[in-house]
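# Structural overview for review
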Amino acid sequence: MQPITSSTPPPRPFHAMAKPSGSDCNLDCTYCFYLEKESLYPGERKRRMQDNVLTAYVRNYIESHPAGSEVVFTWQGGEPTLPGLDFYRRAVAQQRFRAGRTISYSFQTNGLLLDDAWCGFFAEHDFLIGLSLDGPADIHDTYRVSAGGQPTHALVMRALGKLQAHRVRYNVLACVNRRGAAEPLRVYEFMRTHGISHIQFIPVVERLSGAADRAIGLTLHGPGGKVLAPALPGATGSVTGWSVLPADYGDLLNAIFDAWVRRDVGEIHVMNFEWALANYMGEPGAACHHQPTCGRAVVVEHNGDVYACDHYVYPAYRLGNLSTSSLAKMVESPAQHAFGQDKLQSLPRQCRECKMLKGCWGGCPKHRFTATQDCEPGLIYLCEGYYRFFGHVAPYLAPCPT
Ligand code: SF4
Ligand code: SF4
């Protein structure tokens, strides 16, 4: 392996999400957008991060942060438990490279393999766990199924119990699909009654056909204005049957907000509401899709390849490999800078003139594949839902942006 050339840490913080098993997963969720990524590495039957890549990643990531800062190692998939617990024991042991940084960990899992050993390890090292759970069994099991199509809800609930028993910090990531969106309060009450205090509701949006294999909705410019990856032309709203309908997503958030604001403020933390509050208060902390620009959260694949973002793991958005290049340099590269700026610069006029702009910021470019009222392409599919949600919560979250 070549030595990594030293590089000045970026002036602004950034975040890396590592995928130690690539797109490999022990589930076959209908709506998963990452399973298709196995086509990026067709020669490999089983994708796993090797120890030399792990060592390079730990060192590179830490050295890309200035002394005194916090370095958050986020493990994601696919399913990140697949490499086994010893892999993470080795990862944590490599903290010896920390040199004055604070190290913390987060881990996004479907929960199937979590047992006392895993949860004891998470508790010992204060991991923050993201557990995927869509709600009650009939809703969760509609799409979150095993490779054989078997339900998984009972296994996830067992994992939840283990996390709670070991007092592991966790939050629940609930994917909002067309089924779950029909019963927002049932989903929310289910979370409440099971003692879940941190939740985020993530919209499921997937386009039909091969469109997902290509860069969507965003024109990426390189040095000198050269187009590196063109946006898909124009405006079609064709999505899979499990994708949430835009208005339904807004209505779900509003129904849950109304229940939450009357009874659960300070007890339950719904991240969607906290992101809105952060934006309305002019504070940092909103999710990337509700910030003006993005591009500060790169993905590290199992072989060390680095991509612009979890939503853009496509060849045109590969920034390099961490075994030969500094993460700091890749994050500060012109291509990645352009990627982040295009989120703002490609906003259609309807967004730029929208009363909800400072809460919404137009959402994620990956989902900007519909047209505005005056037929300008590049509007996010979820616009109607976002407009309903930010319009509904604005009066509660002073100062109001309208
Ligand atoms: S492309 Fe979308 S998911 Fe990726 S960083 Fe930007 S807003 Fe976030
Ligand atoms: S609500 Fe719609 S029009 Fe307004 S900023 Fe968001 S996506 Fe754009």
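Just above sits the structure.
Residues numbered from 1 in each chain as written. Chains lettered and ligands numbered in written order. Predicted model: local features only at pLDDT ≥ 70, side-chain atom pairs only at ≥ 80, totals over all residues. Heavy atoms only, no water.

So, about the site of ligand 2. Around ligand 2 sit Gln350, Cys351, Cys354, Leu357, Cys360, Ile380, Cys383 and Tyr387, and that is every residue in its neighbourhood. Where the shell around ligand 2 is concerned, the elements lending two or more residues are helix H11 (349-352), helix H12 (357-360) and helix H13 (383-393). Per-class residue counts for the shell around ligand 2 are seven nonpolar, one polar and no charged. (Near = heavy atom within 4 Å. Helix = DSSP H or I, 4+ residues; strand = E, 2+ residues; numbered from the N terminus. Nonpolar A, V, L, I, M, F, W, Y, C, P; charged D, E, K, R; others polar.)

Moving on, we come to the environment of Glu124. Within the secondary structure, Glu124 is located in helix H3 (residues 116-124). Taking the C-alpha atoms as reference points, Glu124 and His166, 42 residues apart in sequence, are found 9.4 Å from one another.

It is worth spelling out the nonpolar core at this point. If you look at soluble globular proteins, the nonpolar side chains tend to sit buried side by side. Counting residues in hydrophobic clusters, the biggest one holds 87 residues, and the most contacted among them are Tyr57, Phe73, Trp75, Phe122 and Phe201. By size, the runner-up hydrophobic cluster in this structure holds seven residues, among which are Cys294, Ala308, Tyr317 and Phe339. (Core = buried A, V, L, I, M, F, W, Y, C linked by side-chain atoms within 4.5 Å. Buried < 20%, exposed > 50% of the residue type's maximum accessible area, 1.4 Å probe, protein only.)

On to the site of ligand 1, then. In the vicinity of ligand 1, the residues found are Cys288, His289, Cys294, Cys309, His311, Tyr312, Phe339, Lys343, Cys364 and Pro365. Taken together, the residues of the shell around ligand 1 break down into seven nonpolar, two polar and one charged.

Within the open sheet, the 10 strands sit side by side as E9-E6-E5-E4-E3-E2-E1-E10-E11-E12. Their pairing is mixed. If you trace the sheet from one side to the other, it starts and ends with strand E9 (269-270) and strand E12 (318-321), each paired once. Pairing of strand E4 (residues 128-132) with strand E5 (residues 169-176) involves five bridges; the strand directions are parallel. The residue bridging Leu131 from the neighbouring strand is Val172, located in E5. (Pairing = 2+ DSSP bridges.)

What follows deals with helix H5 (residues 153-165). If you check H5, its first and last C-alpha atoms are 18 Å apart, about what 13 residues at 1.5 Å a residue would give, namely 18 Å. Arg167 sits one or two positions beyond H5 and adopts a positive phi of about 55 degrees. (Expected span 1.5 Å × (residues − 1).)

At their nearest, the axes of helix H2 (residues 85-93) and H3 sit 11 Å apart, and the two run at 15 degrees to each other. With respect to each other, H2 and H3 are oriented roughly parallel. Note that H2 runs across H3; the crossing there is left-handed. Contact residues: H2 offers Leu85, Tyr88, Arg89 and Val92, while H3 offers Ala117, Trp118 and Phe121. (Axes fitted to C-alpha atoms, helices over the stretch in contact; angles between N-to-C directions. Parallel < 35°, antiparallel > 145°, perpendicular 65-115°, else oblique. Left-handed = near helix turned anticlockwise from the far one by under 90°. Contact = heavy atoms within 4.5 Å.)

A few words now on the pairing of strand E1 (residues 15-18). As paired strands, E1 and strand E10 (residues 297-300) are joined by four bridges and run parallel to one another. Paired with Ala18 across the two strands is Val300, which belongs to E10. As paired elements, E1 and strand E2 (residues 70-75) share three bridges and run parallel to each other. When the sheet's bridge partners are listed, Ala16 is paired in E2 with Phe73.

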